Amino acid sequence: MAYSHHVSKYVMIILPLLSGVLLVGISFAENGQKTVGNWLEIASPDDPVVIEVGKFAVEEHNKEANDTLKFVDVTKGDTQIVGGMNWRLAIEIENNSSIKNCQVFVYDQPWENVRKLVSFKIIE
Ligand SMILES: *[C@@H]1O[C@H](CO)[C@@H](O)[C@H](O)[C@H]1NC(C)=O
Ligand SMILES: *[C@@H]1O[C@H](CO)[C@@H](O)[C@H](O)[C@H]1NC(C)=O
Ligand SMILES: *[C@@H]1O[C@H](CO)[C@@H](O)[C@H](O)[C@H]1NC(C)=O
């Protein structure tokens, strides 16, 4: 008695959750071309997760180019889901006391532990 009560309560909570997930999954698939592949603006460029991507881009650039740029800030950016995640960020860097704007492109594939700098360019 107590058990079946417990189960029905469980089903009542879990079923709507499951169907919610399924619905999202289906609409995601149906709108695949619209949702996957679309660039979506990042609402909070100062989010620690975004800052981390910006810092990563500067560190990678420094390694690749033997440069000594300092990360300052992410000013804006967007992301794109592509069987992984593309990040396109506008960041500020400091190079020898002068502040410059850059556009960086980073690709993430967290489940493979992959994060790579695809491009890095200074926008004067
Ligand atoms: C990197 O830069 C430093 C100082 O600017 C220099 O001493 C060093 O030789 C450079 N290394 C490479 C691999 O270019
Ligand atoms: C940073 O400044 C140094 C010299 O001041 C220059 O050689 C280097 O190319 C600059 N890096 C970028 C990305 O502009
Ligand atoms: C950094 O900037 C100062 C002043 O603008 C300049 O004298 C110096 O040569 C620069 N350093 C490099 C490595 O370009």
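Residues numbered from 1 in each chain as written. Chains lettered and ligands numbered in written order. Predicted model: local features only at pLDDT ≥ 70, side-chain atom pairs only at ≥ 80, totals over all residues. Heavy atoms only, no water.

- The name that an unreviewed UniProt entry assigns to the chain is Cystatin domain-containing protein, with the source organism given as Helianthus annuus.

### Some points on the site of ligand 2
Moving on, step 1. Near ligand 2, the surroundings consist of His61, Asp67, Leu69, Asn95, Asn96 and Ile122.
Moving on, step 2. Here Asp67 contributes a side-chain N or O atom positioned 2.8 Å from a nitrogen atom of ligand 2.
Moving on, step 3. At 2.3 Å from an oxygen atom of ligand 2 is found a side-chain nitrogen or oxygen belonging to Asn95.
Moving on, step 4. If ligand 2 stood free it would expose 360 Å²; the protein chains cover 48% of that surface.
Moving on, step 5. For the shell around ligand 2, the class distribution of residues is 2 nonpolar, 3 polar and 1 charged. (Near = heavy atom within 4 Å. Polar contact = N/O pair within 3.5 Å; in protein donor to acceptor, adjacent residues only side chain to side chain. Areas by Shrake-Rupley, 256 points an atom, 1.4 Å probe, with all protein chains shown as cover. Nonpolar A, V, L, I, M, F, W, Y, C, P; charged D, E, K, R; others polar.)

### Side note on the side chain of Asn86
Moving on, step 1. Of note, Asn86 is situated in strand E3 (residues 85-95).
Moving on, step 2. When neighbours within four sequence positions are excluded, Asn86 is seen to be in contact with Trp39, Asp78, Thr79, Gln80, Phe105, Val106 and Tyr107. (Helix = DSSP H or I, 4+ residues; strand = E, 2+ residues; numbered from the N terminus. Contact = heavy atoms within 4.5 Å.)

### Section: the sheet that holds strand E2 (residues 70-81)
Moving on, step 1. With respect to topology, 5 strands assemble into an open sheet ordered E1-E2-E3-E4-E5, the strand pairing being antiparallel. Two strands in the sheet have a free side with no partner beyond their single neighbour: strand E1 (40-41) and strand E5 (114-123).
Moving on, step 2. Two strands pair when backbone bridges link them, and E1 and E2 are joined in this way by 2 bridges, in the antiparallel orientation. By the bridge assignment, Glu41 is partnered in E2 with Asp78.
Moving on, step 3. Against the sheet, helix H3 (residues 48-65) makes contact with E2, E3, strand E4 (98-109) and E5, and its axis sits at roughly 75 degrees relative to E5, the strand it touches most. (Pairing = 2+ DSSP bridges. Axes fitted to C-alpha atoms, helices over the stretch in contact; angles between N-to-C directions.)

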